[in-house]
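Remarks on the overall topology
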Amino acid sequence: MTTANAAAEESAATGPGQERKAPGRPRNAQADEAILEAVLALLSDGQSAAAISVEAVAAKAGVGKATIYRRWPNKEALLVDAVGAMKGPLPELAGHSVREDLITLIAAGRSPLGQRYGKVTACLLPELIRDDELARMYRAVIEPRREVMRQVLRRGIESGELRPDLDVELSLLMLNGPSMVRSMMPWSPPVPVEGFAEKLVDAVLRGMAV
């Protein structure tokens, strides 16, 4: 596992929601999973984050409200942890070429899990725009993954595969933006799913390569 992957995995394992959990009775992993899955199911069904209540989550998960509040201080922390859990582990990068690693990272977001993530993120967007604290917690979840892509781009600059004056943050936006929009709105534009990651990376690399 690369250093960037290991650091991101460690951060994901101790996400923003977990940092707030107070000591107490031993955690029930099955209850945790049921609660997080209930949140994702409600969001995937089209409910907005504002409309989801702890009562609704508890009912869908088959647990009591107290079980939820023993684990999360509020609904916002629960929502962010649910999104973090859905992201799953980072893909293993071969490290042989920038193109290959970027395709691996983009393709990971095109999996069925990634498609569900896009639908859930679309339901969260209004709240992320309005609620600065929720947006901060959300960024804490996705930032380790973004850092992995930054490391790939920086490695490409050092190896001479990419231009020395490359704007890493802008390149990150160019790579992630289309994939996110495609996940949330697969009907527009009508870009074929087959080979999407390869075509996107190749298109961006035309302006990034030496």
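Reading guide: rules and limits
- Residues numbered from 1 in each chain as written.
- Predicted model: local features only at pLDDT ≥ 70, side-chain atom pairs only at ≥ 80, totals over all residues.
- Heavy atoms only, no water.
- Axes fitted to C-alpha atoms, helices over the stretch in contact; angles between N-to-C directions.
- Helix = DSSP H or I, 4+ residues; strand = E, 2+ residues; numbered from the N terminus.
- Parallel < 35°, antiparallel > 145°, perpendicular 65-115°, else oblique.
- Left-handed = near helix turned anticlockwise from the far one by under 90°.
- Contact = heavy atoms within 4.5 Å.
- Expected span 1.5 Å × (residues − 1).
- Buried < 20%, exposed > 50% of the residue type's maximum accessible area, 1.4 Å probe, protein only.
- Patch = residues over 30% accessible without salt bridge, like charges linked within 9 Å, V, L, I, M, F, W, Y side chains within 5 Å.
- Areas by Shrake-Rupley, 256 points an atom, 1.4 Å probe, with all protein chains shown as cover.
- Salt bridge = Lys/Arg side-chain N within 4 Å of Asp/Glu carboxyl O.
- Arc of directions from axis to C-beta.
- Core = buried A, V, L, I, M, F, W, Y, C linked by side-chain atoms within 4.5 Å.

Relative orientation of the contacting elements helix α3 (residues 29-44) and helix α4 (residues 54-61) amounts to 115°, with a least axis distance of 8 Å. Classified by the angle between their axes, α3 and α4 sit roughly perpendicular to one another. Both α3 and α4 take part in a crossing whose hand is right-handed. Residue-level contacts link Ala34, Ile35, Ala38, Val39, Ala41 and Leu42 of α3 to Ala56, Val57, Lys60 and Ala61 of α4.

This brings us to the environment of Gly156. Considering the arrangement of structural elements, one finds Gly156 in helix α9 (residues 132-159). A C-alpha to C-alpha distance of 9.7 Å links Gly156 and Met208, two positions 52 residues apart in sequence. Beyond its immediate chain neighbours, meaning those up to four positions away, Gly156 contacts Val98, Glu161 and Leu162.

One turn of an α-helix holds 3.6 residues; hence residues three or four places apart share an orientation. For α3, with 16 residues, the first-to-last C-alpha span of 22 Å sits near the 22 Å given by 1.5 Å per residue. Among the residues of α3, those classed as buried are Ala31, Asp32, Ile35, Leu36, Ala38, Val39, Leu40, Ala41, Leu42, Leu43 and Ser44. Note on α3: the residue one or two positions beyond its end, Gly46, has a positive phi of about 105°.

You can see Lys119 is positioned in helix α8 (residues 112-130). Under the relative-accessibility criterion, Lys119 is labelled partly exposed at 46%. Residues Lys119 and Gly46, spaced 73 residues apart in sequence, show a C-alpha to C-alpha distance of 8.1 Å.

A surface patch of nonpolar side chains, about 290 Å² in accessible area, is lined by Leu170, Leu173 and Met174. Tracing the backbone through its elements, the reader meets Leu170 in helix α10 (residues 168-184). Leu170 sits in the partly exposed class, given a relative accessible area of 45%.

This paragraph deals with α4. Along α4, the residues that are buried comprise Val54, Val57, Ala58 and Ala61. For α4, the buried positions fall inside an angular range of 100° around the axis, keeping them on one side. Tucked into the core, α4 has its buried residues touching α3, α5 (65-69) and α6 (75-87).

The biggest cluster of nonpolar side chains holds 32 residues, and the ones touching the most others in it are Leu43, Val57, Ile68, Leu78 and Leu124. When contributions to this core are tallied by element, the ones reaching two or more residues are α3, α4, α6, α8 and α9. Apart from residues lying up to four places away in sequence, Leu78 is in contact with Ile35, Leu36, Val39, Val57, Ile68 and Trp72. One finds Leu153, Leu166, Val168 and Leu175 within the second-largest nonpolar core, a separate group that totals 23 residues.

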